[in-house]
Amino acid sequence: MEWWKTATIYQIYPRSFQDSNGDGIGDLEGVRSRLGYLKDLGVDAIWLSPFYRSPMKDFGYDVADYCDVDPIFGTLADFDRLLEDTHRLGLKLIIDLVPNHTSDQHPWFVESRSGLDNPKRDWYVWRDPAPDGGPPNNWMAFFGGPAWTLDERTGQYYLHQFLPEQPDLNWRNPAVRQAIYEVMRFWLRRGVDGFRVDVMWLLVEDALFRDEPENPHWQPGQWDRGRHLHLYTEDQPETRQIVGEMRQVLDEFDGDRMMVGEIYLPYERLMPYYGTPERPGCHLPFNFHLITQGLPNWTAENLRRVVEEYQASLPSWATPNWVLGNHDQHRLASRIGHAQARVAAMLLFTLPGSPTWYYGDEIGMVDGVIPPERVQDPAALRQRGVAGDQGLDPGRDPERTPMQWTPFAYAGFSTVEPWLPVNPDYPERNVESQDADPFSMLSLVRTLLVVRKATPGLLEAPYESYKAPEGVFAYLRGRVGLVALNFTGEPKTLAVPPGEILLSTHLDRYGVVENALELRPHEGIILKLS
Ligand code: NOJ
């Protein structure tokens, strides 16, 4: 079976994982120095958020050179060493591909904006102003304000779904497609195992540039982009064709190269990104439903619904995938508390398919405390002053704080004050102390990953619903494994066939169960059925 069908992917935000050169910002050498930790943790693959040359307006999601490493993070030689060591340990490495937009400092955009007749003009999306001189249509950017910025010198507007410093590439232009496919080949030849593709569902916009209709549910003061229904800026039919082309590029290479696509869409519009068995598309279109629908209503009944609706919409041949956190979402433990974060980990690692885990969640890192004057996230900074915001919203910074390795200065992340403040809880919450504690969250995640690999049913067998009392979500994996998760603070009892406890989220309980499984408050159990 291809590795990515069951792989546990660990996301690293390189700025925040490990600083090796004392500048307060994480780097590739830092990641390399922690590979042993990741191997011991038991993950199978690493996804590295962007490390390319960038003015860092969106911390690397504004790429100025797709084929080089930003000096903040190191050099191409550092990357090669990291990749080699990752492979030596039997781990895979996937990297972020940001094809929707470049930095405004990318040479392609510098050329494109230099004149109406420049051969690269059509590499980006340029339009004449509306008759009143304003933007060509009503499209709004994700980070606030219109999705159009006027280039005074040439008198046209360019499109940007994110910051004005992140102009959108024109994916209708075949030369752009080929240029990005060459970027993919550049990294595939170097040996990467695949890509996490940024905003895959936003690559193409309506060819007629129609205004988007008003969203009747939007209230003044809410997020700008929520004003409209995104009929013309998201999920256009051409996008799936492009994904098919990206797949062909991956398939030019041997060794099961793959892609994970960032796609925030409901099931019926997400599934087509898998393609078909004859014309496959994205290997793993990210399933964000545990984040978007599960975390806000963390009950057994809601989670059962989210999981089973996804399973029911999934094509029979497609590989499921699950994720509970990333660099754009508040921390798992902050959203549901430490006791339930353990239940969440058992859920994630016992569902069929491929789970993705966000760095630091294995020690239960919580959202960081960011004083207003230290906010870095451009999305938050742009919203300041909008709709009465007092400038206190730290945006996505809280989930990007430095990894907490030790109880010592700067949590062992750096030797100087880091780019974002270290969480004040680091003296108690860090890898070193949890490593020494057999009941810690870290010990739980490690053990879960061992049990996952050692119990073939958990990796390969189909999911089957199992009846449980209110507050408990239970399921079978191939009639050999039963997972029972107590989402409440009350004890619960579940009727079960005879079996043996393989693991409790409390890490203190093994042995035989006859026909009634007593679950303690906030306890999850994996039972091996006899
Ligand atoms: C999605 C990324 O996850 C986010 O961090 C980034 O700001 C936008 N894409 C723009 O690239």
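J.: With reference to specific residues and values, describe the confidence of the model for the chain.
T.: The predicted model of the chain has a mean per-residue pLDDT of 96, with 99% of residues at 70 or higher. Looking over the chain, one finds the lowest element-wise mean pLDDT in helix α15 (residues 456-460), namely 87, and the highest in strand β1 (residues 9-12), namely 99.

J.: How would you sum up the nonpolar core? Please name residues and give values.
T.: Of all hydrophobic cores here, the largest spans 144 residues; its most connected members are Y10 and F79. One finds A474, L476, L517 and I525 within the second-largest nonpolar core, a separate group that totals 15 residues.

J.: Let's hear about the packing of aromatic side chains: which residues, and what values?
T.: Inspection of the entire model under this criterion finds 38 aromatic pairs. An aromatic cluster is present here, built from W47, F142, F143, F162, W201, W223, Y264, F286 and F288 joined pairwise through their rings. The lysine or arginine in question, R15, covers the ring of W419, its NZ or CZ lying 4.3 Å from the ring centre. Looking at K120, its charged tip hangs above the ring of W123, at a distance of 4.7 Å from the centre.

J.: Pulling in residues and values, what's your account of the layout of surface pockets?
T.: Taken as a whole, the largest pocket encloses approximately 1,000 Å³ of empty space. Lining of the largest pocket is provided by 39 residues; of these, F142, F143, W223, D328 and R396 occupy positions nearest its centre. For the lining of the largest pocket, the per-class residue count stands at 13 nonpolar, 12 polar and 14 charged.

J.: So what about the packing of helix α11 (residues 338-350) against helix α14 (residues 441-454)? Which residues, and what values?
T.: Relative orientation of the contacting elements α11 and α14 amounts to 15°, with a least axis distance of 10 Å. Considering the angle they form, α11 stands roughly parallel to α14. For the pair α11 and α14, the sense of crossing is right-handed. Facing α11, whose interface residues are A341, R342, A345, M346 and F349, α14 presents M441, L444, V445, L448, L449 and R452.

J.: I'd like a description of the pattern of salt bridges, backed by residues and values.
T.: Where charged atoms from two side chains of opposite charge come close, those side chains can pair. According to the stated counting rule, one finds 39 salt bridges in the structure shown. Residue R81 is joined to E29 by a salt bridge in which the shortest nitrogen-to-oxygen separation is 3.8 Å. Of the two residues, R81 is situated in helix α3 (residues 76-88) and E29 in helix α1 (residues 28-33); the sequence distance between them amounts to 52 residues. Judged by relative accessible area, R81 falls into the partly exposed class, the value being 36%. Of the residues examined, E29 reaches a relative accessible area of 24% and is grouped as partly exposed. Counted as one network, the salt bridges with shared partners bring together E29, R32, D78, R81, E84, D85 and R88.

Basis of the calculations
- Residues numbered from 1 in each chain as written.
- Predicted model: local features only at pLDDT ≥ 70, side-chain atom pairs only at ≥ 80, totals over all residues.
- Heavy atoms only, no water.
- pLDDT = per-residue confidence, 0-100.
- Helix = DSSP H or I, 4+ residues; strand = E, 2+ residues; numbered from the N terminus.
- Core = buried A, V, L, I, M, F, W, Y, C linked by side-chain atoms within 4.5 Å.
- Buried < 20%, exposed > 50% of the residue type's maximum accessible area, 1.4 Å probe, protein only.
- Phe/Tyr/Trp six-rings, centres within 6.5 Å; stacked < 30°, edge-to-face > 60°.
- Lys NZ or Arg CZ within 6 Å of the ring centre and 35° of its normal.
- 1 Å grid on protein atoms, 1.4 Å probe; cavity = no way out; pocket = protein on both sides within 12 Å on 5 of 7 lines; lining within 4 Å.
- Points joined across faces, edges and corners; volume = space filled by probe spheres on them.
- Nonpolar A, V, L, I, M, F, W, Y, C, P; charged D, E, K, R; others polar.
- Axes fitted to C-alpha atoms, helices over the stretch in contact; angles between N-to-C directions.
- Parallel < 35°, antiparallel > 145°, perpendicular 65-115°, else oblique.
- Left-handed = near helix turned anticlockwise from the far one by under 90°.
- Contact = heavy atoms within 4.5 Å.
- Salt bridge = Lys/Arg side-chain N within 4 Å of Asp/Glu carboxyl O.

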